[in-house]
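Structure assessment
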Amino acid sequence: MLQLFKKYRLFLGVFFVLSAVILTLFYNALKPAKSLPIFNPADVNPELVDSTVQYKSKYHTIADFSFVNQNGVTITQKDYEGKIYVADFFFTTCGSICPKMSVNLEEVQKAFANNPKVKLLSHTVFPETDSVPVLKAYAKKHNVIDAKWNLVTGDKKEIYAMARKSYLAVKLGKPSELYDMVHTENFVLVDAKRRVRGFYDGTNKEDIKKLIEDITFLCEQEAAE
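Throughout what follows, the structure given in this document is the object of discussion. The structure presented is a predicted model; accordingly, all values stated were derived computationally and were not measured.

Cut-offs used in this document
- Residues numbered from 1 in each chain as written.
- Predicted model: local features only at pLDDT ≥ 70, side-chain atom pairs only at ≥ 80, totals over all residues.
- Heavy atoms only, no water.
- Helix = DSSP H or I, 4+ residues; strand = E, 2+ residues; numbered from the N terminus.
- Buried < 20%, exposed > 50% of the residue type's maximum accessible area, 1.4 Å probe, protein only.
- Contact = heavy atoms within 4.5 Å.
- Phe/Tyr/Trp six-rings, centres within 6.5 Å; stacked < 30°, edge-to-face > 60°.
- Salt bridge = Lys/Arg side-chain N within 4 Å of Asp/Glu carboxyl O.
- Axes fitted to C-alpha atoms, helices over the stretch in contact; angles between N-to-C directions.
- Parallel < 35°, antiparallel > 145°, perpendicular 65-115°, else oblique.
- Left-handed = near helix turned anticlockwise from the far one by under 90°.
- Nonpolar A, V, L, I, M, F, W, Y, C, P; charged D, E, K, R; others polar.
- Pairing = 2+ DSSP bridges.

This next bit is on the overall build of the protein chain. Helices and strands together make up the secondary structure of the protein chain, namely five helices and nine strands. N-terminal to C-terminal, the α/β element order of the protein chain is α-β-β-β-α-β-α-β-α-β-β-β-β-α. The proportion of buried residues among the 225 residues of the protein chain is 41%. Residue pairs in contact within the protein chain that sit at least 24 positions apart in sequence constitute 71% of those at least 6 positions apart.

Structure follows, in structure tokens:
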């Protein structure tokens, strides 16, 4: 009788283990594979998009650009060629959301400090005041790694065009002031093909966690291709 009980207990143990394995396999087979959307101007809040591109519903990519960074070096799309990067818009004297956004970008920088595939790109919306020395001081304050994170300034018209025609992330300012911009809390995730893959609240820790996860996913996806 004891021998029979031991066999029965062994059978139950094996049955439960096999059941768990089978259920796990079924779950993994049926679980939708992770994916990230590809955003076009037509998919985004019209307030954040220039009227000339609002109609565009496919094939949107980040336009060529040329700005000057915190070290006085000209940065173009070639410096981001084949890179996965996070773009945002800020100004150094902002006392509301910018400090929190910059601290959170430090976390993103830290997460990918040893991954040359990932970069950051912050554009000032007040280029008239955010000169190269001002950006350099701000970069030091936020522990910017020069090879990883560029804080850029340049012609306001060009920054405006990038903000609203490429990154789809900045609101209009005063109608009376040409190319006036109101930056938002948006972090924009761009893939290695210059496509917009996500928007994240740069002041929200949960969104930053998701951003880091999504960057990791894109890196793994790139490596697998």
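Still more to cover.
Following the sequence through the fold, Asp 64 ends up in the loop between helix H1 (2–30) and strand E1 (66–68). In this structure, the C-alpha to C-alpha distance between Asp 64 and Lys 78, residues 14 residues apart in sequence, is 8.6 Å.

Tallying each qualifying case throughout the model produces eight aromatic pairs. Members of the aromatic cluster, joined through ring pairs, are Phe 65, Phe 67, Tyr 80, Tyr 85, Phe 89 and Tyr 167.

What follows concerns the pattern of salt bridges. Within the structure shown, the criterion is met by eight salt bridges. The partner of Asp 146 in a salt bridge is Lys 136, with the nearest N and O atoms 3.6 Å apart. Of this pair, Asp 146 sits in the loop between helix H3 (132–141) and strand E5 (149–152) while Lys 136 is found in helix H3, placing the two residues ten residues apart along the sequence. Each member of the salt-bridge network shares a partner with another, and the members are Asp 191, Arg 195 and Arg 197.

On to the packing of helix H2 (residues 98–111) against helix H5 (residues 205–224). Here H2 crosses H5 at 30 degrees, and the two axes come no closer than 10 Å. For the element pair H2 / H5, the angle class is roughly parallel. As for the relative orientation of H2 and H5, their crossing is right-handed in sense. When H2 is examined against H5, the residues Asn 104, Glu 107, Val 108 and Ala 111 are found in contact with a partner set consisting of Lys 205, Ile 208, Leu 211, Ile 212 and Ile 215. For the contact of H2 with H5, the residue count by class is six nonpolar, one polar and two charged.

In spatial order, the strands read E5-E4-E3-E8-E9; together these five strands make up an open sheet with mixed pairing. Strand pairing shows two members of the sheet lacking a second neighbour, E5 and strand E9 (196–201), which therefore form its edges. Between one strand axis and the next, the sheet turns through 20 degrees on average, direction left out of account. Two elements, strand E8 (residues 186–190) and E9, share five bridges in a ladder whose sense is antiparallel. Bridge pairing in E9 places Asn 186 opposite Asp 201. Its contacts with the sheet place H3 against strand E3 (84–90) and E5, and it is angled at close to 145 degrees to E5.

Moving on to helix H4 (residues 156–166). Those residues of H4 not exposed but buried are Lys 156, Ile 159, Tyr 160, Met 162, Ala 163, Arg 164 and Ser 166. Packing partners of the buried residues in H4 comprise E1, E3, strand E4 (118–124), strand E6 (171–172), strand E7 (181–182) and E9. Phi for Leu 168, located one or two positions after H4, is positive at around 55 degrees.

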